[in-house]
Amino acid sequence: MNLNTPESWSEIFEQEFDTNYFKELEKFVNSEYDNHQCFPTKEQLFSAFNYCSFNDLKVVIIGQDPYHDIRQANGLCFSVNDGMKHPPSLKNIFKELQSDLGKPIPESGNLESWAAQGVLLLNATLSVRAHEAGSHQKKGWEQFTDAIIQYISDNKQDVVFLLWGGFAKKKGKKIDANKHHVLETGHPSPLSANRGYWFGNKHFSKTNDFLDSKSLKTISWQCHSCEGKQTFRFNEVNS
């Protein structure tokens with residue numbers, strides 16, 4: 001897993017790549033991809049950063065780990081590849097978006113267009129073995145993504161962090177709430193949403209209200225496939 005660091009993220013990425021834990025994580029990930037079917041593809045492991053540069057970052061949404069069924073995961077949390085059926089959590093995200101902003105539920109569940117506008121769609125764990133949820137947890141990814149969140153908190157101002165569910169709220173301990181705008185609610189999964197912990201949170205309008213109050217360009221939450229990808233990307237080859 002050889003990585004070329006995009007310039008806007010180079011400081012934190014190069015710092016983490018040089019640590020012992022990340023070197024062990026690399027060995028683990030290479031072995032898993034060599035010996036098992038894993039998601040997303042190696043090329044998509046760092047899509048969250050490929051689509052959202054540090055300089056353009058306005059919003060962070062934190063997920064847990066990638067979808068583990070075939071062709072679903074594309075490296076962005078809660079997002080699926082074009083043509084894939086919307087998973088239950090994504091269905092509830094779109095229902096809340098429709099209720100909050102009156103936006104029609106999109107045909108595609110690909111959230112690349114959000115990322116291209118400055119929304120970092122970050123899973124805490126960036127890979128998973130096929131059909132085995134959580135199989136790449138506690139191997140080093142969480143330490144890496146903790147460092148990313150800490151770096152954003154320390155080096156940006158007025159970022160909106162959307163913390164959906166208990167897991168994301170725990171990651172929120174790395175965020176300085178005096179510098180940033182933190183919104184919390186339940187997870188969009190049916191288990192949480194059906195108990196009244198998701199619907200009505202209005203996080204999409206609240207995010208745009210905050211950005212507008214800081215004279216920042218708001219997010220167009222209407223989802224569609226991204227036509228203008230970032231020019232930088234990670235080049236990965238098998239070791």
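Reading the values: the criteria
- Sequence order as written defines the numbering, with residues in each chain counted from 1.
- With pLDDT at 70 or above as the cut-off, local features in this predicted model cover only qualifying residues; side-chain atom pairs require 80 or more to be listed or tallied, and sums for whole chains, interfaces and linings still use all residues.
- Working from all heavy atoms in the structure, the side-chain values ignore hydrogens and water.
- We define the nonpolar core as a collection of buried residues of types Ala, Val, Leu, Ile, Met, Phe, Trp, Tyr and Cys that are connected through side-chain atoms lying within 4.5 Å of one another.
- With a 1.4 Å probe rolled over the protein chains alone, any residue whose accessible area is under 20% of its type maximum counts as buried; one over 50% counts as exposed, and the rest are partly exposed.
- Only runs of H or I of at least four residues qualify as helices and only runs of E of at least two qualify as strands under DSSP, and these elements are numbered from the N terminus.
- In what follows, residue pairs with any heavy atoms lying within 4.5 Å of each other are defined as contacts.
- Whether a set of points on the 1 Å grid over the protein atoms alone is a cavity depends on a 1.4 Å probe fitting there but being unable to get out, while an open set qualifies as a pocket with protein on both sides within 12 Å along at least five of seven lines; lining residues are those with an atom within 4 Å of a point.
- Grid points are joined across faces, edges and corners, and a volume is the space filled by probe spheres set on the points.
- Polar here means any residue other than Ala, Val, Leu, Ile, Met, Phe, Trp, Tyr, Cys and Pro, which are nonpolar, and Asp, Glu, Lys and Arg, which are charged; Gly is therefore polar.
- Whenever a nitrogen or oxygen atom comes within 3.5 Å of another N or O atom, the pair is scored as a polar contact, on the condition that within protein one atom can donate a hydrogen and the other can accept it, and that pairs from neighbouring residues in sequence are kept only if both atoms are in side chains.
- At least two bridges found by DSSP between two strands are what make those strands a pair.
- Every angle, taken between N-to-C directions, lies between 0 and 180 degrees, and every axis is a line fitted to C-alpha atoms, over only the stretch in contact when it is a helix.
- If an angle is under 35 degrees, it is roughly parallel; if it is over 145, roughly antiparallel; if it lies from 65 to 115, roughly perpendicular; otherwise it is oblique.
- Crossings are assigned a handedness: left-handed for a near helix turned anticlockwise from the far helix by less than a right angle, right-handed for a clockwise turn.
- For this analysis, a salt bridge means a side-chain nitrogen from Lys or Arg found within 4 Å of a carboxyl oxygen belonging to Asp or Glu.
- Scored from 0 to 100, pLDDT records how confident the predictor is in each individual residue.
- Note: the arc covers the axis-to-C-beta directions of the helix.

### Structural notes on the nonpolar core
Judged by nonpolar contacts, the single largest core of 68 residues is most densely connected at Trp114, Leu120 and Phe144. The leading source of residues in this core is helix H6 (residues 141-155), at seven residues. Setting aside its immediate chain neighbours within four residues, Phe144 contacts Phe13, Glu16, Phe17, Tyr21, Phe22, Phe46, Phe49 and Leu126.

### Observations regarding the layout of surface pockets
Which parts of space are left empty comes out when a probe the size of a water molecule is rolled across the atoms. Roughly 310 Å³ of volume is contained in the largest pocket. Forming the walls of the largest pocket are 18 residues, and the residues nearest its centre are Gln64, Asp65, Pro66, Tyr67 and Phe78. Broken down by class, the residue content of the lining of the largest pocket amounts to seven nonpolar, nine polar and two charged.

### With respect to the side chain of Ser108
When you line up the elements, Ser108 lands in the loop between helix H4 (88-101) and helix H5 (112-116). Looking at Ser108, the relative accessible area reads 16%, which means it is buried. Separated by 2.6 Å, the side chains of Ser108 and Asp82 make a polar contact. A polar contact is formed between the side chain of Ser108 and the backbone nitrogen of Asn110, at a distance of 3.1 Å.

### Comments concerning the sheet that holds strand E2 (residues 59-63)
Ordered in space as E3-E2-E5-E6, the four strands form an open sheet in which the pairing is parallel. Each having just a single partner strand, strand E3 (119-123) and strand E6 (181-185) make up the two edges of the open sheet. Going across the sheet, the axis of each strand differs from the next one's by a mean of 20°, ignoring polarity. Both E2 and E3 contribute to a ladder of five bridges, which runs parallel. Opposite Gly63, over in E3, you have Asn123 as the bridge partner. Where H6 meets the sheet, its contacts fall on E2, E3 and strand E5 (160-164), and the angle it forms with E3 comes to roughly 155°.

### A look at the packing of helix H1 (residues 10-17) against H6
Direction vectors running N to C along H1 and H6 enclose 150°, while the axes themselves pass 10 Å from each other. Considering the angle they form, H1 stands roughly antiparallel to H6. Here the hand of the crossing between H1 and H6 comes out right-handed. Seen from H1, the contacting residues are Glu11, Ile12, Phe13, Glu16 and Phe17; seen from H6, they are Phe144, Ala147, Ile148 and Tyr151. The class makeup of the residues in the contact of H1 with H6 is seven nonpolar, no polar and two charged.

### A look at the pattern of salt bridges
In the structure shown here, the tally under the stated rule is four salt bridges. Between Glu32 and Arg129 there is a salt bridge, with the nearest N and O atoms lying 2.8 Å from each other. Here Glu32 is found in helix H2 (residues 20-35), whereas its partner Arg129 is found in strand E4 (residues 128-129), with 97 residues between them in sequence. Given a relative accessible area of 7%, Glu32 falls into the buried group. Where Glu132 meets Arg129, a salt bridge forms, and the shortest distance between an N and an O atom there is 3.7 Å. A residue is classified by how much of its surface remains accessible, and Arg129, at 22% relative accessible area, is partly exposed. Among the charged side chains, a network of salt bridges with common partners joins Glu32, Arg129 and Glu132.

### A word on the confidence of the model for the chain
Low-pLDDT stretches of the model should not have their predicted coordinates read in fine detail. A residue-level look at the chain finds 91% of positions with pLDDT of 70 or above and a mean pLDDT of 90. Counting contacts from residues 225-239, a segment whose pLDDT is below 50, to residues more than four positions away or on other chains yields 48 contacts.

### A short note on helix H9 (residues 203-213)
Residues of H9 that are buried include every one of His203, Phe204, Ser205, Thr207, Asn208, Phe210 and Leu211, and no others. Residues of H9 that are buried in the fold lie against E2, H4, H5, E5 and E6. A positive backbone phi angle near 60° is found at Ser215, which sits one or two residues after H9.

### With respect to H1
Those residues of H1 that fall on the buried side of the exposure criterion are Ile12, Phe13, Glu16 and Phe17. Within H1, the buried residues cover an arc of 125° as seen down the axis, which keeps them to one side. Buried residues along H1 sit against H2, helix H3 (47-51) and H6.

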